[in-house]
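# A look at the structure
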Amino acid sequence: TLVDLKWPHTLLIFTMSFLCSWLLFGMVWWLIAFAHGDLDHSTRLQRDPAEGAAGSAAGFVPCVTSIHSFTSAFLFSIEVQVTIGFGGRMVTEECPAAILVLIVQNIVGLVINAIMLGCIFMKTSQAHRRAETLIFSKHAVIALREGRLCFMLRVGDLRKSMIISATIRMQVVKKTASLEGEVVPLNQIDIQMENPVGGNSIFLVSPLIIYHVIDKNSPLYDISPMNLHHHEDLEIIVILEGVVETTGITTQARTSYLADEILWGQRFVPIVAEEDGRYSVDYSKFGNTVKVPTPSCTARQLEEDKSIM
């Protein structure tokens, strides 16, 4: 919860944790001094033997030296927890309870420091911040590639630091019914992808076009241009996972395409060009597409009747 909170809320909790602990233990130190008689006016001159011969003769030893009020107890609480130690106040061996409180407050302070520092470290190295620089094309397309209908999308990374062991996978979410009549409103079906390096692993050194061949094993086998409208119960979810190079933390970026966000008969324009022996990427054209000749039929019809080509 602390990691997911916004920064102002986290800093407020961070500050209040210390203030509340200081106040709580300041009250405990004040109660110890009150119970031992350190706050009694008649013994005020005798608390510190260095204050005079009368104090030394009396032999009165306070639990904590130089505590006269709640304010001084609060200051001593701060000194104990953050180990400042200005030297004006110190615990004596007169009160075992004071020694126990000293130990407890040190442990509480260390726990608060550990939690808060760990929380701040996690917030500054959150993986989802890195995922914001992993971008997907606004639309997906279906067009011919190597004589077969393919579902395609483009993915890219805006940072120079690479994503290590990047993998990408897709799922089709749609309403299905079993042979027994059971209706599954949000059935998730994994679909196999192909990319330039094979398998689900990708080397995201430049924007890539990830594509899925629509064959007889594909859940998109019976999809045609007539099905790509907002009333169609279809959504394709794309998940990109990888390890952040600088922190070693796994990150995940996700997007999805509804039926009306899939363009039929279009393909992505090239955005990688070679200039003076170096490759450059024009991200302004990242999601641009152009129309290409594509049969307006399902992959099943195209496979059964090659004359459609």
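Rules used throughout
- Residues numbered from 1 in each chain as written.
- Predicted model: local features only at pLDDT ≥ 70, side-chain atom pairs only at ≥ 80, totals over all residues.
- Heavy atoms only, no water.
- Disulfide = S-S within 2.5 Å.
- Helix = DSSP H or I, 4+ residues; strand = E, 2+ residues; numbered from the N terminus.
- Axes fitted to C-alpha atoms, helices over the stretch in contact; angles between N-to-C directions.
- Parallel < 35°, antiparallel > 145°, perpendicular 65-115°, else oblique.
- Nonpolar A, V, L, I, M, F, W, Y, C, P; charged D, E, K, R; others polar.
- Pairing = 2+ DSSP bridges.
- pLDDT = per-residue confidence, 0-100.
- Contact = heavy atoms within 4.5 Å.

For the structure shown, the criterion picks out 1 disulfide. In this model, Cys 63 is linked to Cys 95 through a disulfide, with the two sulfur atoms separated by 1.6 Å. Residues Cys 63 and Cys 95 are joined by a disulfide whose S-S torsion is about -55°; by sign, that bridge is left-handed. Of this pair, Cys 63 sits in the loop between helix H2 (53–58) and helix H3 (70–82) while Cys 95 sits in the loop between H3 and helix H4 (96–124), placing them 32 residues apart in sequence.

Here we take up the packing of helix H1 (residues 7–36) against H4. Each pair of packed helices gets described by two things: the angle between the helix axes and the distance between those axes. Direction vectors running N to C along H1 and H4 enclose 180°, while the axes themselves pass 11 Å from each other. Classified by the interaxial angle, the pair formed by H1 and H4 is roughly antiparallel. In terms of residue class, the contact of H1 with H4 is made up of 18 nonpolar, 6 polar and 1 charged.

This next bit is on the pairing of strand S7 (residues 234–244). Two strands pair when backbone bridges link them, and strand S4 (residues 163–177) and S7 are joined in this way by 10 bridges, in the antiparallel orientation. The partner of Met 170 across the bridge, within S7, is Val 238. Across 9 bridges, S7 lies against strand S8 (residues 250–258) in antiparallel orientation. Among the inter-strand pairings, Ile 236 is bridged to a residue of S8, identified as Tyr 257. Taken together, S7 and the strand that follows it, S8, pair antiparallel across an intervening segment of 5 residues, in which Gly 248 is found at a positive phi of about 75°.

Regions with low pLDDT carry predicted coordinates that are not meant to be interpreted in detail. With 92% of its residues at a pLDDT of 70 or more, the protein chain has an overall mean of 85. Below pLDDT 50 for its whole length, residues 49–57 participates in 6 contacts with residues either more than four positions away or in separate chains.

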